[in-house]
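Descriptive structure summary
Chain by chain, the residues run as shown.
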Amino acid sequence: MEKFTTHTGRAVPLRRSNVDTDQIIPAHWLKKVTRSGFEGGLFEAWRKDESFILNRPERQGATVLVAGPEFGTGSSREHAVWALQNYGFHAVISSRFADIFRGNSLKNGLLTVVLPQETVERLWVLTESDPSAEITVDLENREVRAEGVTASFELDDNVRWRLLNGLDDISITLQNEADIAAYEATRPAFKPRTLPVS
Amino acid sequence: MGRTLAEKVWDDHVVRRAEGEPDLLFIDLHLLHEVTSPQAFDGLRLAGRPVRRTDLTIATEDHNTPTLDIDKPIADPVSRVQLETLRRNAAEFGVRIHSLGDVEQGVVHVVGPQLGLTQPGMTVVCGDSHTSTHGAFGALAFGIGTSQVEHVLATQTLPLAPFRTMAITVEGELPEGVTAKDLILAVIAKIGTGGGQGYVLEYRGSAIRSLSMEARMTVCNMSIEAGARAGMIAPDETTFEYLKGRPHAPQGEDWDAAVEYWRTLGTDEDAVFDHEILIDASELTPFVTWGTNPGQGAPLGSAVPNPEDFADPQERLAAENALAYMGLEAGTPLREVAVDAVFVGSCTNGRIEDLRAAAAILEGRRIADGVRMLVVPGSVRVALQAVEEGLDKVFTAAGAEWRHAGCSMCLGMNPDQLAPGERCASTSNRNFEGRQGKGGRTHLVSPQVAAATAVLGRLAAPADLVSTNVAVEA
Ligand code: SF4
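Just so you know, the residues in each chain are numbered from 1, in the order the chain's sequence is written. The order in which chains are written sets their letters, starting at A; the order in which ligands are written sets their numbers, starting at 1. Reporting in this predicted model follows two pLDDT cut-offs: at least 70 for local features of residues, and 80 or more for side-chain atom pairs to be given and counted; totals over whole chains, interfaces and linings ignore these cut-offs and use all residues. Excluded from the side-chain calculation are hydrogens and water; included are all heavy atoms of the structure.

A word on the site of the ligand
Here, proximity means that at least one heavy atom of the residue falls within 4 Å of the molecule or strand. The local shell around the ligand consists of His 63, Val 107, His 109, Asp 128, His 130, Ser 346, Cys 347, Cys 407, Cys 410, Leu 411, Asn 429 and Arg 435 of chain B. Polarity classes work like this: nonpolar for Ala, Val, Leu, Ile, Met, Phe, Trp, Tyr, Cys and Pro, charged for Asp, Glu, Lys and Arg, and polar for all others, with Gly in that last group. The residue inventory of the shell around the ligand, partitioned by class, reads 5 nonpolar, 5 polar and 2 charged.

Following this line, the structure appears as structure tokens:
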């Protein structure tokens, strides 16, 4: 998992509430057998409309999604997070996220930032009027900054530490690799092995 | 204070225990199949990580495999891609795999035990909820999600939240014609589909001790249908007898050391369970489900329940919805419910004893006109054994279809599916809406009830056949 310290980028203001995971990535994409390549499915239904904000030339290369409340509700599919990341988003800002989606996002290194709705509103106004406006998401100081906006946000210390160090569950376990090796050394000889095939 | 079987196995696998962290447990055996592993392997690839213990990992193809024309290319592109991906991943990461056409191929939960890879006191995981099957050996075995599959592949461990323990004690003798399947269906109807939530169940008592290994697997298999994390049975002579001589069972001195250890695993007399349930085996009868979750079951001799009779409003609503979906009238005797299809197979009841039980009933009989019966062995080994015993002939002579090994109509990921509205007596473990095909209606039953039902064309027990003995004129 990549480290997340501070990220600055242009934004996509998404003025919609209750964006569920089926809208983020439709079910038929779940048949894929990889963790990458989901960018094409992100908001697939809406992207059929040429005027959808993600399709506009001035939004290409944007990395911060500023979404409406209740983002990520519905089915628990982790693919929703992968789709946002594969597309190029590093952070999503909303006044409220669905719990499972939030858990999945933080596990995968997509920073979901909760800000009051009035702050989200100001970020919308700013980035709608000026597509080149940048938003900085500063995890070290737990602060979001943009022109005329400085807002602090909360994030669990442990989660923050993991994101700052780029540690996913597996990396954390592997930090205790010595414990695993020590345990392996004491396993009884009679325990079965699948290899070599006799 | 004494410890339970589950607690002993847990304690023996703690790699790391730290304040404020879940215990990190070592995993002795990791089983893989094509549906839940692709993203896990892809995660490893993206992070540049190897599989830590290929020697504790094994893959088999089961969910998507066809049960007809297995030598032809798989028609459904999604199924084909999943199988091909597993093969590629196994080759790339050095994981042992049993593919379609291999003599050790079969449903993952049938393959592990028959190879002797599932042993007492082990931790066993698989990206599949019916991993609880392996608990029949006194192993702590549970299903995991895809990100946990990746975690085990990379580290051979899992951080796990603690569980509670529940004893399900079944004393007495099962009456003639009453099987492990009836027993577990009755347990689930009693405690409900959420009754086991957060618990590891331990099945104990004289009725459990007298079950064969295969019957014990049937019981543990469906622990998940009661919402439990896992189900276990203490290892005993029956367990050792089953294991001895299997390809991966310990040999020589290792065998002695293993048995000595296995004998220490049983729950201590002074151990305390968080919850206890007592069941009188002698009161059990053949059991079938009438609804759309495995807890909606009743004795075969009873009638479709009236939703009005459920005190709990949620249950009443669930019953109403279930009857509407199942196309059943409250008050109809279950024995009058006619079926279109019968499925014998799955990791619940697809082992040799199950096939023998079904064949014994079909011997010299024909299945009813208009009924389609599929017999799908749980593994290629089971199929070979059945052929050796001539069971396949019994099935085909009776008018049933004898198929290749796999999950098949248990979940209909391959072409073996019910048509909308079709009603099926199935030896599998889930009767959810659409589980066996869109609009299909499933009644969970034992292999014996499945066979008798096929003969009479309506839900029936073997005892019902005595009076209507329809011998075939050769
Ligand atoms: S037989 Fe059915 S329950 Fe068992 S692993 Fe296959 S699909 Fe799952």
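What follows picks up the thread again.
Concerning the sheet that holds strand S3 (residues 91–94) of chain A
Residue and element names in this part refer to chain A. Two strands qualify as a pair provided DSSP detects at least 2 bridges between them. For the purposes of this entry, the term helix denotes a DSSP run of H or I that reaches at least four residues, the term strand denotes a run of E that reaches at least two, and both are numbered from the N terminus. Read across the sheet, 7 strands follow the order S4-S3-S2-S1-S5-S6-S7 without closing on themselves; strand pairing throughout is mixed. Pairing within the sheet leaves two strands with one partner each, and these edge strands are strand S4 (111–114) and strand S7 (149–152). Strand-to-strand twist of the sheet, defined as the mean angle between neighbouring strand axes without regard to direction, takes the value 25°. Inspection of the sheet shows strand S5 (residues 134–138) paired to strand S6 (residues 143–146) by 3 bridges, in the antiparallel sense. Each bridged residue has a counterpart across the sheet, and for Thr 136 the counterpart in S6 is Arg 145. Note on definitions: angles span 0 to 180 degrees between N-to-C directions of axes, and those axes are lines fitted to C-alpha atoms, for helices only across the stretch in contact.

Comments concerning the interface of chain B and chain A
Any two residues having at least one pair of non-hydrogen atoms within 4.5 Å are treated as being in contact. Each partner contributes to the interface: chain B provides 45 residues, whereas chain A provides 32 residues. Reported buried area values correspond to the accessible surface (1.4 Å probe) lost by two parts on association, with both partners' losses combined. With both chains or domains summed, chain B and chain A bury close to 3,300 Å², and 57% of this area falls on carbon and sulfur atoms. Criterion for a salt bridge: a side-chain nitrogen of Lys or Arg within 4 Å of a carboxyl oxygen of Asp or Glu. For the pair chain B and chain A, the interface holds 9 salt bridges. For Arg 193 of chain A, the salt bridge identified is with Asp 55 of chain B, shortest N-O distance 2.4 Å. By the criterion applied in these results, polar contacts are pairs of N or O atoms within 3.5 Å in which, for protein atoms, one can donate a hydrogen and the other can accept it, and in which residues neighboring in sequence qualify only through two side-chain atoms. Our count for the chain B to chain A interface comes out at 20 residue pairs in polar contact (both at pLDDT 80 or more).

As for a negative patch on the surface
Residues and elements named next belong to chain B. Taken together, the side chains of Glu 253, Asp 254, Asp 256 and Glu 260 make up a negatively charged region of the molecular surface. Tracing the sequence through the fold places Glu 253 in helix H10 (residues 252–262). The classification of residues rests on relative accessible area computed with a 1.4 Å probe and restricted to protein chains. Under 20% of the type maximum is buried, over 50% is exposed, and intermediate values are partly exposed. A relative accessible area of 72% means that Glu 253 is categorised as exposed. Note on patches: the residues involved have over 30% relative accessible area and no salt bridge, like charges join within 9 Å, and the nonpolar side chains Val, Leu, Ile, Met, Phe, Trp and Tyr join within 5 Å. In short, Shrake-Rupley with a 1.4 Å probe defines the accessible areas, and a residue's cover is counted only from the protein chains shown. Charged residues are defined here as Lys and Arg on the positive side and Asp and Glu on the negative side; His and the ends of the chain fall outside this count. Every charge is mapped to an atom, namely NZ of Lys, CZ of Arg, CG of Asp or CD of Glu.

Side note on the pairing of strand S6 (residues 123–126) of chain B
Residue and element names in this part refer to chain B. Across the two faces of S6 the burial is the same, with Thr 123 and Val 125 and Val 124 and Cys 126 all buried. Inspection of the sheet shows strand S3 (residues 29–32) paired to S6 by 3 bridges, in the parallel sense. Among the inter-strand pairings, Leu 31 is bridged to a residue of S6, identified as Cys 126. Relative to strand S7 (residues 140–143), S6 runs parallel, the two sharing 4 bridges. Its bridge partner being in S7, Val 125 is matched across the sheet by Phe 142.

Here we look at the packing of aromatic side chains
Under the pairing criterion, centres of Phe, Tyr and Trp rings, with the six-membered ring standing for Trp, must be within 6.5 Å; the plane angle then separates stacked pairs below 30 degrees from edge-to-face pairs above 60, leaving the rest tilted. Per the stated rule, a full pass over the model turns up 18 aromatic pairs over all chains. Considering the side-chain rings of Trp 46 of chain A and Phe 52 of chain A, the 5.7 Å spacing of their centres and the 55° angle between planes classify their relative orientation as tilted. Here the aromatic residues Trp 29, Phe 38 and Trp 82 of chain A are joined through ring pairs into a cluster of three or more. Here Arg 16 of chain A stacks its cationic end above the ring of Trp 46 of chain A, 3.9 Å away from the centre of that ring. The residue whose ring lies beneath Arg 246 of chain B is Tyr 242 of chain B, and the NZ or CZ to ring-centre distance is 3.8 Å. The criterion is that NZ of a Lys, or CZ of an Arg, lies within 6 Å of the ring centre and within 35 degrees of the ring normal, and then a charge sits over that ring.

Here we look at the confidence of the model for chain B
Interpretation of this model should avoid reading the predicted coordinates in detail wherever pLDDT is low. Model confidence for chain B is summarised by a mean pLDDT of 95, while 98% of its residues fall at 70 or above. As a predicted assembly, this complex carries a pTM of 0.90 together with an ipTM value of 0.93. Per residue, pLDDT measures the predictor's confidence, with a range of 0 to 100.

Considerations on the layout of surface pockets
Here the largest pocket is characterised by a volume of approximately 1,000 Å³. Lining the largest pocket are 36 residues, with Met 1, Gln 85, Lys 107, Asn 108 and Asp 168 of chain A positioned closest to its centre. Sorting the residues of the lining of the largest pocket by element identifies strand S1 (6–14), helix H3 (79–87), helix H4 (99–108) and helix H7 (169–174) of chain A together with helix H2 (38–47), helix H5 (146–155) and strand S8 (157–160) of chain B as the ones contributing at least two each. At 4 residues, the largest contribution of residues to the lining of the largest pocket is made by H5 of chain B. Residues are called lining when one of their atoms sits within 4 Å of a cavity or pocket point, these points coming from a 1 Å grid over the protein atoms alone, where a cavity is a set in which a 1.4 Å probe fits but cannot get out and a pocket is an open set with protein on both sides within 12 Å along at least five of seven lines. Grid points are joined across faces, edges and corners, and a volume is the space filled by probe spheres set on the points.

As for helix H15 (residues 391–398) of chain B
All names here are of chain B. Those residues of H15 lying buried are Leu 391, Asp 392, Val 394, Phe 395 and Ala 398. All buried residues of H15 project into a common sector of 160° when viewed along the axis, lining one side. Among the structural elements, helix H13 (352–362), strand S16 (372–375), helix H14 (380–388) and strand S17 (401–402) are those in contact with the buried residues of H15. At the exit of H15 stands Gly 399, carrying a positive phi of roughly 100°. This arc is built from the directions going out from the helix axis to the C-beta atoms.

A short note on the environment of Leu 374 of chain B
Relative to the elements of secondary structure, Leu 374 of chain B occurs in strand S16. Judged by relative accessible area, Leu 374 of chain B falls into the buried class, the value being 1%.

Notes on empty space enclosed by the protein
All names here are of chain B. Following the criterion strictly, the structure yields 3 cavities of 30 Å³ or more and no others. Volume-wise, the largest cavity comes out at about 50 Å³. Lining of the largest cavity is provided by Trp 10, Leu 140, Phe 142, Leu 160, Phe 163, Val 200, Arg 229 and Ala 230. Partitioned by chemical class, the residues of the lining of the largest cavity number 7 nonpolar, no polar and 1 charged. Taken together, the elements giving at least two residues each to the lining of the second largest cavity come down to strand S4 (57–60) and helix H4 (108–114).

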